[in-house]
Structure formats: structure tokens, C-alpha cells
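Structure at a glance
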Amino acid sequence: MGNDNWPEVGEFVVCTVKNVTDFGAYVELEEFGGREGFIHISEIKAGWVKYVRDYVREGQKIVCKVLNVDPSRGHIDLSLKDVNEHQRRAKIQEWKNEQKAAKWLQFVAEETKTDENGQQTLHEKLVEEFGSAYSAFEEAAIEGEKAFKGLKVNKKYLKSITKIAGENIKLPFVDIAGYVDLTCNLPNGIEIIKQALHAADSISDVDGKDIRLEVSYTGAPRYRIKVIAPDYKKAESVLKKSAQTAIDTISKLGGHGTFKRHIESAKA
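Residues numbered from 1 in each chain as written. Predicted model: local features only at pLDDT ≥ 70, side-chain atom pairs only at ≥ 80, totals over all residues. Heavy atoms only, no water.

Considerations on helix α1 (residues 85-112)
Compared with the 40 Å implied by 1.5 Å per residue over 28 residues, the 40 Å span of α1 between its first and last C-alpha is a close match. Every buried residue of α1 is accounted for by Lys91, Ile92, Trp95, Asn97, Ala101, Trp104, Leu105, Val108, Ala109 and Thr112. Looking at the packing, one finds that the buried side of α1 touches β1 (12-21), β4 (61-70), α2 (116-130), α3 (133-143) and α4 (155-168). Lys113, located one to two residues past α1, shows a positive phi value of around 55 degrees. (Helix = DSSP H or I, 4+ residues; strand = E, 2+ residues; numbered from the N terminus. Expected span 1.5 Å × (residues − 1). Buried < 20%, exposed > 50% of the residue type's maximum accessible area, 1.4 Å probe, protein only. Contact = heavy atoms within 4.5 Å.)

See the structure below:
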């Protein structure tokens, strides 16, 4: 991400601890151009904290939740205590995957003789269409160039992406993703959205131990549903069932939901 980007409230971010003080810790946000954030001592851990250094240290990579963003003052307030182990592991894995994708895109740029601006434009289009660059490579590994049907990108990029995806991603299972947009304007709208997401996430428990389903936040009001299954037919079925469950749940509770297999590209 570039320096013009800011994280959203509620988003999980990967940080490097830069300075630990008696009243908190200053960190650098890895995915946002090195922007600085602050974790107050009250957000380090639930309960009383005597020494911040007992929990974080300079140079440590941690995952935090964004509490507040003030671009006019350049302030980002973060919480460490609001991130559980599952969320931490998922975010670290997502971050590592995006680092891999960035390296693969560099290979694509070198192979297609694309300059830095062209590489950035390609990255933005992949994120817009698939939610992340890594997801684009995953789809290419599964479906080949068919994964990019309708995407207005030079064919030389698609050939290179497909080739590099095949060389670097070995999928023992089918891995697909879709998106649900969930909104609710009621006073308890956030809790209703959480109920809908929980219902969507519970589908894998019903459909068997061979199914892995992950629901993650990509940016309000959009959530990504990722399914890993033994075959494409099963994965597609679980994805649609999970999305429909989220939509049905939020609709019954006074909200609204829509499902997209892929995110449509913005019109020029």
C-alpha cells in the first residue's frame, strides 16, 4: 500500500514495535507505508499492566486492531489486547502471503518489461478484482487464465501471472473466494453483522472436516469468504451456502446483504 492510504477502524494490521515507553508503545504499520501508530498501556493487555516491556519489545512484529484514525493529525490509535490468537495467526499469514505476491509481481514485471508505475497499476487491479494480490495468484493456479475473464488487463500479464502461480503455488485442495457486502443501519447493526458472519463461518462445521472456511474483513461493508475443499464443486457449493447464510441471517434481523463471486472492476 502507498503512503496515501490509511487503515480503517476495526481493521487488523501488522506492526513493528519501534519504541517502548512507560505509558505505551510506538509502532510502524508495515502495510501502510510505515505510518506510525500508538498502543496505550491500557490497550496492551486486559487487566493491569505494570511494565509495557513485559509484553512488547523493540523490533517485535505484532498484530493490532485499529481503534481510531485521524489523518489530519497523523494519529493512529491501536489495541493489542483486542486481537486473539486466531486473528493474529490469520493476519500474519495474510501479510506473509501478500509479501510473496509482491515478489511474484516483481517477477511478472521483469518478465514483461513493465515499469514501476505499470506494476503498481496491475497490483491495484488485482486487489480490486480479487481482494488481494495473493488471491489473484491462487485463482490463477486453480483456473489458469480463465480466472481473469472480464478483467481489462494486457494478456501478457495474465500469461506471466498464470505461469508464475503454477510454479509457486501447489494446491492440494481447491481454494476459492467470494465476497459479501453486509449493511445494517439499526442501532445494534454491528452486532447483527457479527451474527451474520458467525452464521456464515459455521457452515464448514456442517459440511465436514475436509472443508476449511475463513471469513475476513476487507473494508466496510465488504467481507471475504474463502473456502478450501477437496474439489471445486464442493468448494463452490460451500461458498454459496456460506454467503447465502450470511445474507439470510442479516435480512431476518433487519439488515441487507449481497454476494459477489468476484469484485467487479471499476469502469474507466
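Now that the structure has been shown, the text picks up again.
Notes on the pairing of strand β6 (residues 174-183)
On a regular strand, one side chain projects to one face of the sheet and the next to the other, so that they alternate. Among the ten residues that make up β6, nine are buried, leaving the element largely enclosed by the rest of the structure. In the sheet, β6 pairs with strand β8 (residues 222-229) via eight bridges, with the strands oriented antiparallel. Each residue of the ladder has a partner; that of Asp181, found in β8, is Arg222. With five bridges joining them, β6 and strand β9 (residues 256-260) adopt antiparallel strand pairing. If you follow Thr183 over to β9, its bridge partner there is His256. (Pairing = 2+ DSSP bridges.)

A word on unusual backbone geometry
The residue Lys113 is not glycine, and still its phi comes out positive at about 55 degrees. Following the sequence through the fold, Lys113 ends up in the loop between α1 and α2. Overall, Lys113 belongs to the exposed group, its relative accessible area being 77%.

Looking at the environment of Lys234
Structurally, the position occupied by Lys234 is in helix α7 (residues 232-252). Taking the C-alpha atoms as reference points, Lys234 and Val174, separated by 60 residues in sequence, lie 8.9 Å from one another.

Let's talk about α4
If you check α4, its first and last C-alpha atoms are 20 Å apart, about what 14 residues at 1.5 Å a residue would give, namely 20 Å. Turning to α4, the residues buried within the fold contact α1, α2 and α3. One side-chain oxygen of the residue at the start of α4 lies 2.9 Å from the amide nitrogen of Lys156, identifying that residue as Asn154. (Polar contact = N/O pair within 3.5 Å; in protein donor to acceptor, adjacent residues only side chain to side chain.)

Topic: the sheet that holds strand β7 (residues 212-219)
If you trace the four strands from one edge of the open sheet to the other, you get β7-β8-β6-β9, paired in antiparallel fashion. The sheet terminates laterally at β7 and β9, the two strands that pair on one side only. Averaged over all neighbouring strand pairs, the angle between strand axes comes to 25 degrees, with direction disregarded. Strand contacts of α3: β6 and β8, with the helix running at about 135 degrees to β6, the strand carrying the most contacts. Packing of α7 onto the sheet brings it into contact with β6, β7, β8 and β9, and relative to β6 it is tilted by some 10 degrees. (Axes fitted to C-alpha atoms, helices over the stretch in contact; angles between N-to-C directions.)

Regarding the domain arrangement of the protein
Its domain assignment divides the protein into domain 1 (11-82), domain 2 (87-168) and domain 3 (174-260). Just the C-alpha atoms count here: the centres of domain 2 and domain 3 sit 24 Å apart. Contacts between the two partners involve seven residues from domain 2, matched on the other side by seven residues from domain 3. Between domain 2 and domain 3, roughly 590 Å² of surface is buried when both sides are summed, and carbon and sulfur atoms account for 39% of that area. Looking at the side of domain 2 facing domain 3, the largest losses of area belong to Glu138, Glu139 and Ile142, adding up to 55% of the total buried there. On the surface where domain 2 and domain 3 come into contact, there are two salt bridges. (Domains from an automatic or database assignment. Buried area = accessible area lost by both parts, 1.4 Å probe. Salt bridge = Lys/Arg side-chain N within 4 Å of Asp/Glu carboxyl O.)

Topic: the sheet that holds β1
Reading around the barrel, the five strands line up as β1-β2-β3-β5-β4 and close back on themselves, with mixed pairing between neighbours. The average angle at which neighbouring strand axes cross in this sheet is 50 degrees, direction not considered. The sheet contact formed by β1 and strand β2 (residues 24-29) spans six bridges and is antiparallel. In the strand pairing of β2, Thr21 is matched with Gly24. Docked against the sheet, α1 engages β1 and β4, running at close to 100 degrees with respect to β1.

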